[in-house]
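Each chain is listed here by its residues.
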Amino acid sequence: MLSASVPNDTAFHPSTFILLGIPGMQDQHVWVAIPFCSMYILALVGNGSILYIIMTNRALHEPMYLFLCVLSITDLILCSTTLPKMLTIFWLRSHKISYYGCLTQMFFVHAVFSTESAVLLAMAFDRYVAVCRPLHYTSILNGMVIGKISLACVVRGLLFVFPFIILIERLPFCGHHIIPHTYCEHMGIAKLACASIKPNTIYGLTVALSVTGMDLVLIATSYGLILRAVLRLPSKDAQFRAFSTCGAHICVILVFYIPAFFSFFVHRFGHQVLPHVHIILANLYLLVPPVLNPLVYGINTKEIRLRIVNFFMRRRKMRTNKMLRTLGQTMESSNHTNLDASVFFLLGIPGLEQFHLWLSLPVCCLGMATIVGNTTILVVVATKPALHKPVYLFLCMLSTIDLAASFSTVPKLLAILWCGAGHISASACLAQMFFIHAFCMMESTVLLAMAFDRYVAICHPLRYATILTDTIIVRIGLVAMVRGSMLMFPCPFLIGRLSFCQSHVIPHTYCEHMAVVKLACGDTRPNRVYGLTAALLVIGVDLFCIGLSYVFIARAVFHLSSHEARSKALGTCGSHVCVILISYTPALFSFFTHRFGHHIPLHIHILLANVYLLFPPALNPVVYGVKTKEIRESVVRVFQRGQGTAAKVSE
């Protein structure tokens, strides 16, 4: 691959280096990038939130929180020094980095890491003064002293790491220029040189041990003095409060030093450890602290936690007041006896309004996973003639329905959670209601068709191609679409006959049939009866037929003489069984909770209703991608071809 495409440069300093990524895992780079990208986003959001909250609240302008701001800034710089380039390697196959760009990245990685260690030492000193010298706290740690300590942390990091550049500059590079890493690291570059790197090794080890070793000794000393002072307090309650002020800092110390030391000792002494394990550990100790530090301080520090909750509650209250003013204006301008003249307001998740922004994160991730996963399935099946078989054509139908169902709910759901935009017109509400329920019925029909496909493949394998012809598959797809549309067609008319003379606020995240019906002030019995009948007909009939097909499949499989043949036959049904469980389990749980769980809090109802709409579209492609050999191999080939193209470009 890359090694074959890079000539042995005889220049003293090469113009470029090539970052290989994670050796041995090149085929999985695209997938490995997803958790790293998620962690980077969390680090940006978390540390940005800490900085914003402390800077905009003068009550938090105290030494402890100012040091926390310095820590957040170093965390942001630390992860931003490595992650953008790493993601371009994983996703865009951009392996090249200039010589001076590599030295710059190396300098900032080590300098910022050293600076963060010094900041943690400063925070330990802050806790020592707060616990052991509380009366002198403000006089010792005034604004000028904090500024000088922060400057000293930065200068120390720069001074210790600057010789790395000089030590690298003196080395000649006469071999290959491939760095088996995701970022430029001092010893990773030095090992490419064709001269003695003993000075680099000795100085690097000395800096690592002196910086982290000295900082840890001083931190331990400060906590020894803190412990002695706390144990002298007469009251258990006072001892507990004194210890609790140090809890967040101790957690951050553990989060920072444990991955760093683990990576350090594996790198120095774990010569039998696989290279990709080295690289993953080296990335984790740069990524984990920036991700976890804001969470630790946000959860363990009462003042920050209260500020975050108050911030979101204030924003939510402003959005709610705006919504209610708009609702009042709408109610004054209409007598609300005609549905066409009315609007509805989707409230979101009642009781969890202050957490709407946080809840939007998993919703957004599931929405993106749905789009990427199902689109990948459609592209792979469409571009591979070998996959133009009934089982994969049914899978394409399932992916299309999942995408359509997701687009009918997720955009409005995110608008509510992010902006409080719950306003929705009556016609849009009815359209959303129609499509949500119709797509759910279509998906149930397709799952039944896939069960029939497995029945024919196992029980009548010789007639498989003649029974499930292209014409039959198209007809089954049309039946699924017509069945869902026809069963849902009466619902808008049943709602259209109702009058809405009271509240138009729907305590939900989307327009659901019974949630809209409950707002009516007329006779809603026909709506209830038809809704229950349609649900039981679809779910009941489909589940019964699916169960019956698997009874026949099980009977046919257990009549096979070979254990291997039985295992192979059942293996072809694994993906479909998983998808059935993913689709029907949350749907039935939500259905029975809605009908009979009257003592269950309303926000649990709403969360369950969202789970059965969000999880199946996101997980179905993963299940088929992991468990179906043909799809898995096709996806891997696409990425391998991309890696091969990248290798040619690098030549």
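**Brief notes about the packing of helix α4 (residues 99-132) against helix α8 (residues 198-231)**
Then, in step 1: Two elements in contact, α4 and α8, have axes whose closest approach is 9 Å; the angle formed by their N-to-C orientations is 15°. What the angle tells us is that α4 and α8 run roughly parallel. Every pair of crossing elements has a handedness; the one defined by α4 and α8 is left-handed. Facing α4, whose interface residues are F113, S114, S117, A118, L120, L121, A124, R127, Y128, V131 and C132, α8 presents V211, T212, D215, L218, I219, S222, Y223, L225, I226, A229 and V230.

**Comments concerning the nonpolar core**
Then, in step 1: Membership of the largest hydrophobic core comes to 65 residues, with the highest contact counts inside it found for F344, F500, I506, C511 and V516.
Then, in step 2: Per element, the largest residue contribution to this core is 16 residues, and it comes from helix α15 (residues 426-459).
Then, in step 3: The contacts of I506, once residues within four sequence positions are left out, are F344, F345, L346, L347, C429, C511, A515, V516 and L519.
Then, in step 4: Grouped together as the second largest cluster of nonpolar side chains are 52 residues, L51, M123, I226 and C246 included.

**Some remarks on the state of the cysteines**
Then, in step 1: Summed over the entire model, instances satisfying the criterion amount to three disulfides.
Then, in step 2: What pairs with C102 in a disulfide is C184, and their sulfur atoms sit 1.9 Å apart. Between C102 and C184, the disulfide has an S-S torsion of -115° and is therefore left-handed. Here C184 lies in the loop between β3 (178-179) and α7 (186-190) and C102 lies in helix α4, a separation of 82 residues in the sequence. The two residues C102 and C184 agree in class, both being buried.
Then, in step 3: A sulfur-sulfur distance of 2.0 Å marks the disulfide that ties C174 to C194. With C174 in the loop between α6 (143-169) and β3 and C194 in the loop between α7 and α8, this residue pair connects regions lying 20 residues apart in the sequence.
Then, in step 4: Free of any disulfide, C246 has its nearest neighbouring cysteine sulfur in C132, separated by 8.7 Å.
Then, in step 5: By relative accessible area, C246 is classed as buried at 2%.

**A look at the pairing of strand β1 (residues 16-19)**
Then, in step 1: Bridge count for β1 against strand β2 (residues 96-98) is three bridges, and the pairing is antiparallel. Of the residues in β2, the one forming a bridge with F17 is I97.
Then, in step 2: Bridge analysis of β1 against β3 gives two bridges, and the strand direction is parallel. Across the sheet, residue L19 finds its bridge partner in β3, namely I179.

**What about a nonpolar patch on the surface?**
Then, in step 1: Side chains of W31, I34, W91 and L92 sit close together on the surface and give an oily, nonpolar patch of about 430 Å² of accessible area.
Then, in step 2: Elements with a contribution of two residues or more to the nonpolar patch: α2 (29-55) and α3 (63-92).
Then, in step 3: You can see W31 is positioned in helix α2.

**Some details on the packing of aromatic side chains**
Then, in step 1: If you walk through the whole model with that rule in mind, you get 16 aromatic pairs.
Then, in step 2: Here the aromatic residues F17, Y99, Y100 and F173 are joined through ring pairs into a cluster of three or more.

**A look at the pattern of salt bridges**
Then, in step 1: Per the stated rule, a full pass over the model turns up four salt bridges.
Then, in step 2: Across the pair R454 and D453 runs a salt bridge, and its minimum N-O distance is 2.7 Å.
Then, in step 3: Its salt-bridge partner being R483, residue D542 comes within 3.0 Å of it at the nearest N-O pair. Here D542, found in helix α20 (residues 525-558), pairs with R483, found in helix α17 (residues 470-488); they are 59 residues apart in sequence, far enough to count as distant.

**Topic: the side chain of R156**
Then, in step 1: Within the element layout of this structure, R156 appears in helix α6.
Then, in step 2: Under the relative-accessibility criterion, R156 is labelled buried at 15%.
Then, in step 3: Within the local environment of R156, its side chain forms a polar contact with the backbone oxygen of S114, the two atoms lying 3.2 Å apart.

Procedures and definitions
- Residues numbered from 1 in each chain as written.
- Predicted model: local features only at pLDDT ≥ 70, side-chain atom pairs only at ≥ 80, totals over all residues.
- Heavy atoms only, no water.
- Axes fitted to C-alpha atoms, helices over the stretch in contact; angles between N-to-C directions.
- Helix = DSSP H or I, 4+ residues; strand = E, 2+ residues; numbered from the N terminus.
- Parallel < 35°, antiparallel > 145°, perpendicular 65-115°, else oblique.
- Left-handed = near helix turned anticlockwise from the far one by under 90°.
- Contact = heavy atoms within 4.5 Å.
- Core = buried A, V, L, I, M, F, W, Y, C linked by side-chain atoms within 4.5 Å.
- Buried < 20%, exposed > 50% of the residue type's maximum accessible area, 1.4 Å probe, protein only.
- Disulfide = S-S within 2.5 Å.
- Pairing = 2+ DSSP bridges.
- Patch = residues over 30% accessible without salt bridge, like charges linked within 9 Å, V, L, I, M, F, W, Y side chains within 5 Å.
- Areas by Shrake-Rupley, 256 points an atom, 1.4 Å probe, with all protein chains shown as cover.
- Salt bridge = Lys/Arg side-chain N within 4 Å of Asp/Glu carboxyl O.
- Phe/Tyr/Trp six-rings, centres within 6.5 Å; stacked < 30°, edge-to-face > 60°.
- Polar contact = N/O pair within 3.5 Å; in protein donor to acceptor, adjacent residues only side chain to side chain.

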